[in-house]
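So the chains spell out like this:
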Amino acid sequence: MAEKIQVGRSDKSDLLLTIERRTRGGIRLDLVSSVAGTFGQQIRATILSTLEALGVRHASLTVDDRGALDHVIQARVEAGVRALWPVEGLGVWPERRIKRRQVPKDRLRRTRLYLPGNNPDLMLNAGLFGADSVILDLEDSVAPADKAAARVLVRNSLLAVDFGAAERIVRINPLATEFGAADLEMVVPAQPDTILIPKCEAAESVLEVEERVAALEREHRLRYQIWLMPLIESAKGVLNAYQIASASQRVVALCFGAEDFTADIGAERTVEGKESFVARSLLVLAAKAARVQAIDTVFSDVADVDGLVKSTEEAIALGFEGKGVIHPAQIEPIHRAFAPTPERIAHAQQVIAALEEAERRGAGVASLGTKMIDAPVVARAKRTLQLAKALGLID
Amino acid sequence: MDLVENAVGRLVPTEIEGRKLRPFQGAHADKGGGRTAGALIRAASDYRNKLLKSLDDAIDACGIKDGMTVSFHHHLRDGDYVVNMVMDKLARRGLKDLVVAPSALFPCHEPLVRHIEKGVVRRVEGSMNGPVGRACSLGKMKSVCVLRSHGGRYRAIQDGDLHIDVAFIAAPAADAHGNANGVYGKSACGPLGFALADSLYADKVVVVTDNLVPFPCYPWSIQGGNVDYVVQVDAIGDPARIVSGTTVITRSPTRLLIAKYAAQLVVDSGIMHEPHFSFQAGAGGVSLAFVQFMAEHMARAGVVADFVRGGSTQYMVDLLNQGLTRYILDGQSFDLAGVQSLRDNPRHIETNPFVSYNYHTKGCFAQMVKVSVLGATEIDLDFNVNVNTHSDGWLLHGIGGFTDAADAEVTIITAPLVRGRVPIIVDKVVTVTAPGEMIDVVVTERGIAINPRRKDLLQRLKRSSLPIVPIDKLYRMAIDMTGQPEKPTFTERIVALIEFRDGTIIDAVRQLVPKT
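The model shown is predicted, which means the values in this text are computed figures rather than measured ones.

Participant: Looking at this model, I keep getting lost on the overall build of chain B. Mind explaining?
Facilitator: A count of helices and strands for chain B gives 15 helices and 29 strands. By the compact-globule yardstick of 24 Å for 516 residues, chain B fits well, its C-alpha radius of gyration being 22 Å. Based on the C-alpha atoms only, the size of chain B along its principal axes is roughly 70 × 55 × 45 Å. Taking the intrachain contacts of chain B between residues at least 6 apart in sequence as the baseline, contacts between residues at least 24 apart amount to 72%. Of the roughly 19,000 Å² of accessible surface on chain B, a fraction of 51% belongs to carbon and sulfur atoms. Side chains of chain B carry 56 positive and 55 negative charges; the gap between the two charge centres is 1 Å.

Here's what the structure looks like:
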């Protein structure tokens, strides 16, 4: 085990901590903070109480704080301690807890906003921009050296940050890597809504995650089940998409990742997305066959709003129900593209009214004009009204 | 020292260093009624050649002595050379106890701190920012400083509260007679309005230029008939820091959300559709975004503003060029687009604090502005606003035009709920710059608070989908995130007075005991 380590960053809402193991001399804390005048004592107390709770009695710490909140300070201290000392149990959980209920399996997932798991500043306000889901990412956006610290930060953020109505998804590292299992052990007790399984290529990957998640749910007596969302990013994954989607009742959606997919098939990623057209279509078919949602990849040019809208319209035409988002500015254009037209809303209202009327009359079959209303029509109408309501188009 | 409680509950002195002070009584309680101060009258025959060879000659000619008051204006912003140039020369002459009266200071004026420490400068009246404010907080000034708004500074000069012995006016273009403007030359900065009072009321007026042009220099923002001497120097400032090529809109999603809420509030309240619609917003990232969002709303609804109020920026200029406003009424230019538009577009009008901000007049247009969007360091549960000190007690900012612009029909404060862990909504502000009675709306990314006094606004926004909440809910949200901040520790010694625009004392700043 190392004797000294640095965690965190000299960045807004974060801190850079250097912690060194000592065998005597108690705790030596050298604190510099941009908010020393207003929170100096509280920061010091948080650091010391975290060390105490983790059983550290002798250590030297240098802290350069840039306005980190308590749950971030605790995460950084705990990450430092975990790197130098063995830590039993769940660690130190933040005092502030945001209460959550399970999100419905078929909730709207038009936008899923990616947030790097090692950046507390971006997480702080992520719930304000109206994304249907936020993804606290432990995989691609976190360097290997930062993964352990990010894991603690993501856990604390799940507990202490108010993400509003957004579904809280954590993208773990693949279980095949050295990080994946540790990710689950750290974040599952903090009850995320959903786990995003990256580079998913087979049903077995889903089952393996499900098994570990279920065991952790039982061990920590979680209040509700965590959903799973496989991310298909390879040719093999596309070809196995249906098996992946139907591997577990916990799967709520299949997501497509174009960046890794194009690399996998040896193609260049283009704005038009011709290279992934077939794969995306297959993914939609697989998801729909398994009765789960299909969610499209991200559009990576933040400045190109027209391109984003075009890409979203194409995704909608293919049958996707959402897109990945890398900047909050992309949320509104995507939601606008998903908004049903007034004609579609009116038709959906007529369908539901006709159905209710048929139920009232005790009729087995409902019809609108000369057309019979069957289950898919009803499902589509309900979806349209759900969207219209989410957008404030109807009460 | 006798202290009395003023109308916002602050203990303020009634007299300081021989000057009688009036406590703040309310935003519109003071009715003025005095007569204006007068400048010394001289004969034109004595002014056949005002052009002097050097700044030293001008200082000699002005007869600057210990204890005198010298003034400057801030249109050259962080690129200004003139304040340091003049003050260094005065210091080299061994002068002491000078009062410096700038309309604003910037970080480039840090050398003033040395002059303060050596006793060359006794105090600052007008504005303190950054390093000079920090020195004031630490009690380095010999006597008590006075902070005033732009309109308050004009009023103080006009009413005789601030007597300027010698005014130094940096001019991007001037002729040998002293006519000057800010729109031509390598140091073009836009309007020169903040120096108008200095030119009218100071005993001696020196125009300092790096661009001497043949008579007549027109437009003449400063008129030669009010100028004693003209000096040409190599450079009055660094053009790159006087104005930026472009002012840039914020990219922060949180700040964009705040700006979006503010603009939506103007639409949802119906104000945008009222006759004589006008608004004012500064050059900060949120303000620029607000202007852009307003432009989109106005274009969609076919609304044309009567005027918009600068500081001018590219975004303001775009409004004018797109026909979304009839005029820009401009006090200062923040980017090159603003300077160029002021020079070239007759509907871009230069203003000064007499017509825009002064409270002791027969009317100023601050009160005609429908919506004013302003920033703040703190807002409290009574809607009192602090723009001078930070929550940790450091005096780091001047007032700018805050208390004047807050006289608009609807004053909106835009601020993040938490800035670098520090809550912006607090139980009591460290320093009151503007009374809560002038503040109508506080817009944060997590909610919007309407001053309960504005029942009309609350009524008009009843059907709005904006997240309108009581201000104490915003306060609780902030504290819930950050924890309760520690209060700063001050000594009893007053180091600066916060003067309201009418000349009354709204608060006093004490010497800070810094925390390590």
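Participant: Would you mind going over the layout of surface pockets with me for this structure?
Facilitator: Left-over empty space is what a probe sized like a water molecule reveals as it rolls over the atoms. The computed volume of the largest pocket comes to approximately 2,000 Å³. In this structure, the largest pocket is lined by 49 residues; those nearest its centre are F129, P328 and E332 of chain A together with L257 and K260 of chain B. Only α12 (331-338) of chain A together with α8 (253-268) and α9 (285-301) of chain B provide two or more residues apiece to the lining of the largest pocket. If you tally residues by element for the lining of the largest pocket, the top one is α8 of chain B, at 7 residues. Here the lining of the largest pocket is built from residues that sort into 26 nonpolar, 11 polar and 12 charged.

Participant: What's the story with the packing of aromatic side chains in this structure? I'm lost.
Facilitator: In this description, a pair of aromatic rings is defined by centroid distance and the angle of the planes. Residues and elements named next belong to chain B. Counted according to the given criterion, the structure contains 9 aromatic pairs over all chains. When the centroid spacing of 4.8 Å and the interplanar angle of 70° are considered together, the rings of F24 and F500 count as edge-to-face. Of the two residues, F24 sits in the loop between β4 (19-20) and β5 (51-52) while F500 sits in the loop between β28 (489-499) and β29 (505-513), which places them 476 residues apart along the sequence. Given a relative accessible area of 1%, F24 falls into the buried group. F500 gets classed as buried once you look at its relative accessible area, which sits at 0%. Look at Y154 and Y201: their rings are 6.4 Å apart centre to centre, the planes differ by 90°, and that puts the pair in the edge-to-face class.

Participant: Quick question: what am I supposed to make of the sheet that holds strand β15 (residues 278-281) of chain B here?
Facilitator: Each strand in a sheet pairs with another by means of backbone hydrogen bonds, the pair being arranged parallel or else antiparallel. All names here are of chain B. In space, the 8 strands of this open sheet follow the order β18-β17-β16-β15-β19-β22-β26-β27, with mixed pairing throughout. Of all the strands in the sheet, the pair left with one neighbour each is β18 (348-350) and β27 (447-450). With strand direction ignored, the average angle separating the axes of adjacent strands in the sheet is 20°. Relative to strand β16 (residues 307-309), β15 runs parallel, the two sharing 3 bridges. Across the sheet, F279 pairs through a bridge with V308, a residue of β16. Seen against the sheet, α8 touches β19 (371-374), β22 (410-414), β26 (441-444) and β27 and runs at an angle of roughly 140° to β26. Against the sheet, helix α15 (residues 471-482) touches β26 and β27, its axis set at about 140° to β27.

Participant: Looking at this structure, how should I read the interface of chain B and chain A?
Facilitator: Often the size quoted for an interface is simply the accessible area lost on bringing the parts together. Between chain B and chain A, the residue contacts involve 22 residues of the former and 22 residues of the latter. Summed over both partners, the interface of chain B with chain A comes to about 2,000 Å²; 54% of that surface belongs to carbon and sulfur atoms. On the surface where chain B and chain A come into contact, there are 3 salt bridges. Among the ionic pairs, E332 of chain A bridges to K260 of chain B, the shortest N-O distance being 2.9 Å. Summed over the shared surface of chain B and chain A, the number is 11 residue pairs in polar contact (both at pLDDT 80 or more). At the level of secondary structure, the elements contributing two or more residues to the side of chain B that touches chain A comprise α8, β24 (422-423) and α15 of chain B. No other element matches the 4 residues that α8 of chain B contributes to the side of chain B that touches chain A.

Participant: So what exactly am I meant to see when it comes to the nonpolar core here?
Facilitator: Buried together is how nonpolar side chains tend to be arranged in soluble globular proteins. Core analysis: the biggest nonpolar cluster contains 139 residues, and I195 and L254 of chain A together with F277, F279, F290 and I412 of chain B have the highest contact counts within it. Those residues in contact with F290 of chain B that lie beyond four places of it in its chain are A259, A262, A263, V266, F279, A281 and V373 of chain B. Formed by 113 residues, the second largest nonpolar core is a distinct cluster that contains M68, I424, I479 and V495 of chain B.

Participant: What is the right way to read helix α13 (residues 342-361) of chain A from this model?
Facilitator: Since the α-helix turns once every 3.6 residues, residues separated by three or four places project in the same direction. All names here are of chain A. For α13, with 20 residues, the first-to-last C-alpha span of 28 Å sits near the 28 Å given by 1.5 Å per residue. Listing the buried residues of α13 in full gives I345, A348, V351, I352, A354 and A358. Where α13 is buried, its residues touch β13 (366-368), β14 (371-373) and α14 (375-390).

Rules used throughout
- The residue numbers shown here count from 1 along each chain, following its written sequence.
- Just so you know, chain letters begin at A and ligand numbers begin at 1, following the order they were written in.
- For a predicted model such as this one, the threshold for reporting local features is a pLDDT of at least 70, and the threshold for listing and counting side-chain atom pairs is 80 or more; totals across whole chains, interfaces and linings nevertheless cover every residue.
- Side-chain metrics in this entry use all non-hydrogen atoms of the structure; hydrogen atoms and water are not considered.
- By definition, any uninterrupted DSSP run of H or I lasting at least four residues is a helix, any uninterrupted run of E lasting at least two residues is a strand, and each is numbered from the N terminus.
- With C-alpha atoms as the basis for the radius of gyration, the globule rule is written as 2.2 Å multiplied by the number of residues raised to the power 0.38.
- The contact criterion used throughout is that any non-hydrogen atoms of two residues lie within 4.5 Å.
- Shrake-Rupley sampling with a 1.4 Å probe provides the accessible areas, and residues are treated as covered by the protein chains on show and by no other component.
- The convention is simple: Lys and Arg are positive, Asp and Glu are negative, and His and the chain ends are not counted.
- In plain terms, the charge of a residue is placed at NZ if it is Lys, CZ if Arg, CG if Asp and CD if Glu.
- The method works on a 1 Å grid over the protein atoms by themselves. A cavity is a set of points holding a 1.4 Å probe that cannot get out, a pocket is an open set with protein on both sides within 12 Å along at least five of seven lines, and residues with an atom within 4 Å of a point line them.
- Grid points are joined across faces, edges and corners, and a volume is the space filled by probe spheres set on the points.
- Nonpolar residues are Ala, Val, Leu, Ile, Met, Phe, Trp, Tyr, Cys and Pro. Charged residues are Asp, Glu, Lys and Arg, and all others, Gly as well, are polar.
- Aromatic pairing here means that ring centres of Phe, Tyr or Trp (its six-membered ring) are within 6.5 Å. Orientation follows from the plane angle: under 30 degrees is stacked, over 60 is edge-to-face, and everything else is tilted.
- Classification of residues uses two cut-offs on accessible area relative to the type maximum, computed with a 1.4 Å probe and protein chains only: under 20% is buried, over 50% is exposed, and between them is partly exposed.
- In this scheme, strands are said to pair when DSSP sees at least two bridges between them.
- Lines fitted to the C-alpha atoms define the axes, with helices restricted to the stretch that makes contact. Angles between their N-to-C directions range from 0 to 180 degrees.
- A simple way to read buried area is as the amount of 1.4 Å-probe accessible surface that goes missing from two parts once joined, with both sides added.
- By definition, a salt bridge exists where a carboxyl oxygen of Asp or Glu is found within 4 Å of a side-chain nitrogen of Lys or Arg.
- Throughout this description, a polar contact denotes any pair of N or O atoms lying within 3.5 Å of each other; where both atoms belong to protein, one of them has to be capable of donating a hydrogen while the other can accept it, and for residues adjacent in sequence the pair is counted only when both atoms sit in side chains.
- Within this scheme, the nonpolar core is defined by two criteria: the residues are buried Ala, Val, Leu, Ile, Met, Phe, Trp, Tyr or Cys, and they are joined through side-chain atoms within 4.5 Å.
- Here the expected length of a helix is defined as 1.5 Å per residue gap, with one fewer gap than residues.

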